[in-house]
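Tertiary structure, described
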Amino acid sequence: MLCSLLEAIKIRHLQLSNDHNQKKRISQQRRNHECIWTYVMFSFGGYKDSRSATGKRPQPKEKNKPTAKKSRMDRADAGEELRRRNVELERALKESKEREDQMRAKLERACERLRVAEDAEERLCSQLAELEAEAVLQARAYQAHILSLLGQLSQSPRNCTKDLPPSIPTLKEFA
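These figures come from a predicted structure and were not determined experimentally.

A separate point is the overall build of the chain. Tallying secondary structure elements over the chain gives five helices and zero strands in all. Scanning the chain from its N terminus toward the C terminus, one meets helices and strands in the order α-α-α-α-α. In the chain, once contacts between residues fewer than 6 apart in sequence are set aside, the share between residues at least 24 apart is 57%. Accessible area for the chain stands at about 15700 Å²; split by element, carbon and sulfur atoms hold 57% of it.

In structure tokens:
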């Protein structure tokens, strides 16, 4: 963003200097055309009468010929316009730097939150793995306890097993 603003300042400065140079070229071309026109008119006798009366070569009339005052004022206006534009671009540059700093701070805060979340995720995953391992061990211990109880029941005298309801499995059914 900063580079684009500097580019815009350079481009605007070049445009203003090119406009000034173009105005100079146009003015020079007009003078050249006036000289050629005057030469043609004198060559074909178009200015004979008026030249002989005054002794001077008549100048073609221009309605909006800039005077020295106007050109100085135009240059002052152009300079003032350039200064004003430069101030605007500097202000925009300052604002973009502030926005860039704010965005950088937001990005750093977001990265910190991401690191905290990743650490928490790692801790939760390790805790979950520990709980799963503990659950597997408890299930195996519970199954071993049930098998031992079934073994005890199967070794007990036959009269106790006759009294058991049919829904309780025997050790042979588990194996």
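This part takes up the pattern of salt bridges. Tallied over the entire structure, the rule returns seven salt bridges. Salt-bridge contacts for R85 lead to E88; the nearest nitrogen and oxygen are separated by 3.7 Å. Here R85 and its partner E88 are both found in helix α3 (residues 68-155), three residues apart, which amounts to about one turn of the helix. On the accessibility criterion, R85 (29% relative accessible area) is partly exposed. Residue classification places E88 among the partly exposed residues on the basis of a relative accessible area of 26%. Between E112 and R115 there is a salt bridge whose closest N-O contact spans 2.8 Å. Placement of the pair is E112 and R115 together in helix α3, with a separation of three residues, close to one helical turn. For E112, a relative accessible area of 40% puts it in the partly exposed group.

This paragraph deals with the confidence of the model for the chain. Mean pLDDT for the chain: 77, with 58% of residues reaching 70 or above. The spread of mean pLDDT over the elements of the chain runs between helix α2 (residues 48-54), the lowest at 48, and α3, the highest at 92. Across residues 48-53, where pLDDT falls below 50, the model places four contacts with residues more than four positions away in sequence or in other chains.

Where like charges cluster on the molecular surface, the negative patch consists of E118, D119, E121 and E122. By the element assignment, E121 lies in helix α3.

This part is about the side chain of S96. Mapped onto the secondary structure, S96 falls in helix α3. In terms of polar contacts, S96 uses its side chain to reach the backbone carbonyl oxygen of L93, at 2.9 Å.

About the thresholds
- Residues numbered from 1 in each chain as written.
- Predicted model: local features only at pLDDT ≥ 70, side-chain atom pairs only at ≥ 80, totals over all residues.
- Heavy atoms only, no water.
- Helix = DSSP H or I, 4+ residues; strand = E, 2+ residues; numbered from the N terminus.
- Contact = heavy atoms within 4.5 Å.
- Areas by Shrake-Rupley, 256 points an atom, 1.4 Å probe, with all protein chains shown as cover.
- Salt bridge = Lys/Arg side-chain N within 4 Å of Asp/Glu carboxyl O.
- Buried < 20%, exposed > 50% of the residue type's maximum accessible area, 1.4 Å probe, protein only.
- pLDDT = per-residue confidence, 0-100.
- Patch = residues over 30% accessible without salt bridge, like charges linked within 9 Å, V, L, I, M, F, W, Y side chains within 5 Å.
- Lys, Arg positive; Asp, Glu negative; His and termini not counted.
- Charge placed at Lys NZ, Arg CZ, Asp CG, Glu CD.
- Polar contact = N/O pair within 3.5 Å; in protein donor to acceptor, adjacent residues only side chain to side chain.

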